[in-house]
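# Fold and geometry: a report
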Amino acid sequence: MTPQSVFDFLLPDVGEGLEEAEIVQWKVSVGQQIEVNHPIVEIESAKSLVELPSPFAGTVLEFLVQEGQVVRVGTAIIRIQLNELAPVVPVGMNSERTEMLVGSGPRTDEFQSQRRTARTYGRDATSPTPPTPTPPTPPTPPTPATPPIVEGHSAGLAKPPVRKLARELGVDLTHLVGSGPDGSVTRDDVLKVSEPAKIQPIAGEDPRETRTPIRGVRRAMAEAMVSSAFTAPHVTEWVTVDVTASMQLLEKLRTEPEYAGIRLSPLTLLARAMCIAARQTPEVNSFWDTPAQEVVTKHYVNLGIATATDRGLLVPNVKDADQLTVKELALAIAVVIEAAREGRTVPAQMAGGTMSITNIGVFGIDAGTPIMPPGESAIVSLGAVVERPWVVGGEIEVRQVTTLALSFDHRLVDGAQGSKFLADIAGMLQEPSQLLA
């Protein structure tokens, strides 16, 4: 009988062109039997959290990288002993490319062929291919005089509630030896080391400061914003709008059975107004293609919704938002916001945006100067809706007003075009009947 083969699973490019990712949490344990498509690891790239399934069945032999470690695509991350007769199912093919996105796993009689295929993301650990990258040497364990914070073989294994507690208390799970099953870290383990009397600062660090590695979504967003701010010449304009009629419309829609259970907000109406206004001023929905030296005008709107998450700012977008009704927009916006906050945003939702909204009003802020996501030419910020004295027909009344701020790329949009776009939006929010058309 052909002997079972030991195989290394390499970190794949999950279809978003990433170069590296953080190993967030192992979904399996050493010695565990797994089947095809069994989730094995959760990774965080610069754009999203992704759970990788196994494309083959077998037994987990060894973790080759630690949780919390950032590794490059193509790095061996886990070693699996394959079941000889287990079926192998390729998982997650990218429609625009031929290589596998998640691992590989031909059976024993196909290994030689696979080893000659450069696009494969799994590797026979017994083959003469380049050796598995050696994981970084763990730091030297502390001396017995220090508290029980050492590099543990458990690699910070812990259930999601425990991981959440550790993040909130600033405890690094990879530095703990767990007291739970299989060396997993328990809630009590986290609480013990989080007690002020037991926390010892690392030599050379100020105990009054907290240092957090810049990586994943936060690093990607920071790099993107710096690039956008210093590449596209931003111009920002403001307008204060009486949105009393819009707020009344929202209240009316909320009472209608058709909108039962649907979250409606000023953001919903702003999204609809931007899509309509873009038809009248298409320059605000264009792209400056530097390599081709062309202006690309988009005849569709993929509307980005800036969303604050625990991992940083994400801007997933609603595809073809200009084709959606108010009701459809409300549902689509809710979907992308929920996915972003729960860490389930997929790469496709982050790509291809044409213009964006940022809602700073939810924080009680009146106005700001938003920065456009790279590749877009306009972004509108929505301020808080507040009651103010307002002149109506020569009389002062208490009205609900908000401030809109439009930032646009002055290479693509001149002052007159930007002003018209913003004025059109303001007009529709002041008299919102056409938003339902």
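Everything numeric here is computed off the predicted structure, so don't read it as measured data.

## Details of the packing of aromatic side chains
If you walk through the whole model with that rule in mind, you get three aromatic pairs. Geometrically, the ring pair formed by phenylalanine 9 and phenylalanine 56 is edge-to-face, given 6.4 Å between the ring centres and 80° between the ring planes. Taken as a pair, phenylalanine 9 in strand β1 (residues 6-10) and phenylalanine 56 in the loop between β5 (49-53) and β6 (58-63) lie far apart in primary sequence, 47 residues in all. Comparing phenylalanine 9 with phenylalanine 56, the two get one shared label, buried. A ring pair is formed by tryptophan 26 and phenylalanine 63, whose centres lie 4.4 Å apart and whose planes are at 15°; its orientation type is stacked. A residue pair is termed long-range when its members are at least 10 positions apart, and tryptophan 26 in strand β2 (residues 20-26) and phenylalanine 63 in strand β6 qualify at 37 residues. An identical accessibility class is assigned to tryptophan 26 and phenylalanine 63; each is buried. Pairwise contacts between aromatic rings join Phe7, Phe9 and Phe56 into one cluster.

## Some details on empty space enclosed by the protein
Within this structure, the stated rule accounts for two cavities of 30 Å³ or more. Every residue lining the second largest cavity is listed: Val243, Ser246, Met247, Pro266, Leu269, Leu270, Leu382, Thr402 and Leu429. At the level of elements, α5 (244-254) and α6 (266-280) are the ones that each hand at least two residues to the lining of the second largest cavity. At three residues, the largest contribution of residues to the lining of the second largest cavity is made by α6.

## Structural notes on unusual backbone geometry
Unlike most non-glycine residues, glutamine 293 shows phi in positive territory, near 55°. Among the structural elements, glutamine 293 can be located in the loop between β13 (286-289) and β14 (294-297). Looking at glutamine 293, the relative accessible area reads 60%, which means it is exposed. A positive phi angle, near 50°, is found at aspartate 320, a position not held by glycine. Within the fold, aspartate 320 resides in the loop between β18 (317-318) and α7 (326-341). Using a relative accessible area of 38% as the deciding quantity, one classes aspartate 320 as partly exposed.

## Re the sheet that holds β2
The sheet built from four strands is open, its strands ordered β5-β4-β2-β7 with antiparallel pairing. Single-partner strands in this sheet number two, and they are β5 and β7 (70-72). Each adjacent strand pair in this sheet contributes to an overall mean axis angle of 40°, direction not counted.

## Examining the pairing of strand β8 (residues 76-82)
A regular strand carries its side chains on alternate faces of the sheet. Burial within β8 is extensive, with five of its seven residues counted as buried. Bridging between β1 and β8 involves five bridges; their strand directions are antiparallel. Its bridge partner being in β8, aspartate 8 is matched across the sheet by arginine 79. With five bridges joining them, β6 and β8 adopt antiparallel strand pairing.

## Some details on the confidence of the model for the protein chain
Of all residues in the protein chain, 76% have pLDDT values of 70 or greater, and the mean over the chain is 79. Between residues 86-121, whose pLDDT stays under 50, and residues either more than four places distant or in other chains, the model counts 81 contacts. Here residues 196-201 scores under 50 on pLDDT; set against residues more than four positions off or in separate chains, the count is six contacts.

## A closer look at the packing of α6 against α7
Following both chains from N to C, one finds α6 and α7 inclined at 115°, their axes separated by 9 Å at the closest point. The element α6 and its partner α7 pack so that their crossing is right-handed. Each of Leu267, Thr268, Leu269, Ala271 and Arg272 in α6 lies in contact with α7, whose residues at this interface are Val326, Leu329, Ala330 and Ile333. Tallied by class, the residues present in the contact of α6 with α7 amount to seven nonpolar, one polar and one charged.

## A word on the environment of valine 315
Mapped onto the secondary structure, valine 315 falls in the loop between β17 (312-314) and β18. You can call valine 315 buried: its relative accessible area is 12%. Through-space distance from the C-alpha of valine 315 to that of valine 336 is 9.0 Å; in sequence the pair is 21 residues apart. Excluding anything up to four places from it in sequence, valine 315 contacts Met221, Gly304, Ile305, Ala306, Gln349, Met350, Ser356 and Pro373.

## A closer look at the side chain of serine 286
Relative to the helices and strands, serine 286 is located in strand β13. You can call serine 286 buried: its relative accessible area is 2%. At a separation of 2.6 Å, a polar atom in the side chain of serine 286 contacts the main-chain carbonyl oxygen of glutamate 283. Apart from residues lying up to four places away in sequence, serine 286 is in contact with Val295, Val296, Thr297, Lys298, Gly375, Glu376, Ser377 and Leu412.

## Points about a nonpolar patch on the surface
A contiguous nonpolar patch, built from Val362, Phe363 and Ile365 and spanning about 320 Å² of accessible area, is present on the exposed surface. Mapped onto the elements, phenylalanine 363 comes out in the loop between β19 (355-359) and β20 (378-382). In this structure phenylalanine 363 comes out as exposed when scored by relative accessible area, which is 61%.

Thresholds, definitions, all that
Each chain has its residues counted from 1, running along the sequence as written. Note on the predicted model: pLDDT of at least 70 is required for a residue's local features to be given, and 80 or more for side-chain atom pairs to be given and counted; whole-chain, interface and lining totals, by contrast, use all residues. Just so you know, side-chain values use all the structure's heavy atoms and leave hydrogens and water out. Only centres within 6.5 Å qualify two rings of Phe, Tyr or Trp (six-membered ring in Trp) as a pair; their planes then separate them into stacked at under 30 degrees, edge-to-face at over 60, and tilted for everything else. Only runs of H or I of at least four residues qualify as helices and only runs of E of at least two qualify as strands under DSSP, and these elements are numbered from the N terminus. Each residue is placed in one exposure class: buried if its accessible area under a 1.4 Å probe, protein chains only, is under 20% of its type's maximum, exposed if it is over 50%, and partly exposed if it falls in between. Here a cavity denotes grid points, spaced 1 Å and computed from the protein atoms alone, that fit a 1.4 Å probe unable to get out, and a pocket denotes an open set having protein on both sides within 12 Å along at least 5 of 7 lines; residues with an atom within 4 Å of a point are the lining. Grid points are joined across faces, edges and corners, and a volume is the space filled by probe spheres set on the points. Whether two strands pair comes down to DSSP finding at least two bridges between them. Convention adopted: a line fitted to C-alpha atoms gives each axis, helices being fitted over their contacting stretch, and angles between N-to-C directions are expressed from 0 to 180 degrees. Every residue gets a pLDDT, meaning the predictor's confidence in that residue, from 0 to 100. In this analysis, two residues are considered to be in contact whenever any of their non-hydrogen atoms come within 4.5 Å of each other. Each helix crossing is assigned a hand: it is left-handed if the near helix lies turned anticlockwise from the far helix by less than a right angle, otherwise right-handed if that turn is clockwise. All residues other than Ala, Val, Leu, Ile, Met, Phe, Trp, Tyr, Cys, Pro, Asp, Glu, Lys and Arg, Gly among them, are scored as polar; the first ten of these are nonpolar and the last four charged. By the criterion applied in these results, polar contacts are pairs of N or O atoms within 3.5 Å in which, for protein atoms, one can donate a hydrogen and the other can accept it, and in which residues neighboring in sequence qualify only through two side-chain atoms. Only residues whose relative accessible area exceeds 30% and that take part in no salt bridge are eligible for patches, with like-charged residues grouped when within 9 Å of each other and nonpolar side chains (Val, Leu, Ile, Met, Phe, Trp, Tyr) grouped when within 5 Å. Surface exposure here means Shrake-Rupley accessible area, sampled with a 1.4 Å probe, where a residue is shielded only by the protein chains that are shown. Definition used for salt bridges: Asp or Glu carboxyl oxygen within 4 Å of a side-chain nitrogen of Lys or Arg.

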